[in-house]
Amino acid sequence: MENSRLWPKSRFLLELCLFFGCRVGELRLAKLEDFDFEKMTWTVPAENHKTGAITGKPLIRPIIPEIVPLLKAAMLHSRGTYLFTLRKDPKPMDSRSHISIPYNLIAWLNAKPRKIEMQHWTVHDLRKTARTNWSSLTRHHLRIVTGK
């Protein structure tokens, strides 16, 4: 991605989706103030995540030191209070603006001289893959029974 012609915001969005394993909408609606570099947390307000309407509670996601430079670079490209804004507008990215990112990356990879073929994927596939693989790292059935 770093060598492709992707718009920097698109690259930041993909990389952060991979790091957090979050829904693209959570990042798309994230405000700069949601990121606390002292506590090293990203607070996703209840209205910005899937279960928030039911629980009324925010999600608190840890920020690892390795992604601080990536987050700060994304913040430098922001045009307002949102982390991911439109190109010339302080409003958050459109809910469909991320859809073309995989197509552009696949086309770039398949062009000469690379000629690398890649199957179609979506940004949400990044979340599904991350969550599935992370689940294999835990013993979910024991956490439910023991609460640990």
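Up top is the structure.
So, here is what we can say about the structure in this document. (Residues numbered from 1 in each chain as written. Predicted model: local features only at pLDDT ≥ 70, side-chain atom pairs only at ≥ 80, totals over all residues. Heavy atoms only, no water.)

1. Points about the overall build of the protein
Okay, step 1: On a plain count of helices and strands, the protein comes out with 7 helices and 5 strands.
Okay, step 2: When the helices and strands of the protein are listed from N to C terminus, the series reads α-α-β-β-α-β-α-β-β-α-α-α.
Okay, step 3: Each of the three principal axes of the protein carries a C-alpha extent, and together these read 55 × 35 × 30 Å.
Okay, step 4: Looking at the 148 residues of the protein, the share that counts as buried comes to 37%.
Okay, step 5: Expressed as a percentage of contacts within the protein between residues at least 6 apart in sequence, the contacts between residues at least 24 apart total 52%.
Okay, step 6: Just so you have it, the protein exposes about 9700 Å², and 56% of that area is on carbon and sulfur atoms.
Okay, step 7: Taking the average place of the 25 positive charges on the side chains of the protein and the average place of its 13 negative ones, the gap between the two points comes to 5 Å. (Helix = DSSP H or I, 4+ residues; strand = E, 2+ residues; numbered from the N terminus. Buried < 20%, exposed > 50% of the residue type's maximum accessible area, 1.4 Å probe, protein only. Contact = heavy atoms within 4.5 Å. Areas by Shrake-Rupley, 256 points an atom, 1.4 Å probe, with all protein chains shown as cover. Lys, Arg positive; Asp, Glu negative; His and termini not counted. Charge placed at Lys NZ, Arg CZ, Asp CG, Glu CD.)

2. With respect to helix 6 (residues 123-135)
Okay, step 1: Compared with an ideal rise of 1.5 Å per residue, which puts 13 residues at 18 Å, helix 6 spans 19 Å between its outermost C-alpha atoms and is within 8% of the ideal.
Okay, step 2: V123, L126, R127 and A130 are the residues of helix 6 that are buried. In an axial view of helix 6, the angular spread of the buried residues amounts to 95 degrees, which keeps them on one side of the axis.
Okay, step 3: In this structure, the buried residues of helix 6 make contact with helix 1 (8-20), helix 2 (24-28) and helix 5 (100-110). (Expected span 1.5 Å × (residues − 1). Arc of directions from axis to C-beta.)

3. Some details on the packing of helix 1 against helix 4 (residues 68-76)
Okay, step 1: At their nearest, the axes of helix 1 and helix 4 sit 10 Å apart, and the two run at 145 degrees to each other. The handedness of the crossing between helix 1 and helix 4 comes out as left-handed. In contact with K9, F12, E15, L16 and F19 of helix 1, helix 4 contributes L70, L71, A73 and A74.
Okay, step 2: Class assignment of the residues belonging to the contact of helix 1 with helix 4 gives a composition of 7 nonpolar, no polar and 2 charged. (Axes fitted to C-alpha atoms, helices over the stretch in contact; angles between N-to-C directions. Left-handed = near helix turned anticlockwise from the far one by under 90°. Nonpolar A, V, L, I, M, F, W, Y, C, P; charged D, E, K, R; others polar.)

4. Structural notes on the environment of V68
Okay, step 1: By secondary structure assignment, the location of V68 is in helix 4.
Okay, step 2: Overall, V68 belongs to the buried group, its relative accessible area being 16%.
Okay, step 3: Each C-alpha atom of the pair V68 and E33 lies 14 Å from the other, and the pair is 35 residues apart in sequence.
Okay, step 4: For V68, the contacting residues outside a window of four places in its chain are F37, M40 and I63.

5. Details of the state of the cysteines
Okay, step 1: The full count for this structure, using the stated rule, is 0 disulfides.
Okay, step 2: In this structure C17 is not part of a disulfide, and its nearest cysteine sulfur, from C22, lies 4.6 Å away.
Okay, step 3: Relative accessible area serves as the criterion here: at 1%, C17 is assigned to the buried category. (Disulfide = S-S within 2.5 Å.)

6. As for unusual backbone geometry
Okay, step 1: With an omega of 0 degrees, the peptide bond between K112 and P113 qualifies as cis.
Okay, step 2: You can see P113 is positioned in the loop between helix 5 and helix 6.
Okay, step 3: Positioned with a positive phi, M40 is a non-glycine residue whose angle comes to about 55 degrees.
Okay, step 4: In this model, K115 sits at a positive phi of 50 degrees, which is unusual for a non-glycine residue.

7. What to know about the side chain of K9
Okay, step 1: Along the chain, K9 turns up in helix 1.
Okay, step 2: K9 sits in the buried class, given a relative accessible area of 1%.
Okay, step 3: Looking at K9, its side chain comes within polar contact range of the main-chain oxygen of H77, at 3.2 Å.
Okay, step 4: Discounting residues that sit within four places of it in the chain, K9 has contacts with A74, H77, S78, L83, F84 and T85. (Polar contact = N/O pair within 3.5 Å; in protein donor to acceptor, adjacent residues only side chain to side chain.)

Functional significance is not addressed by these values, which are geometric in nature.
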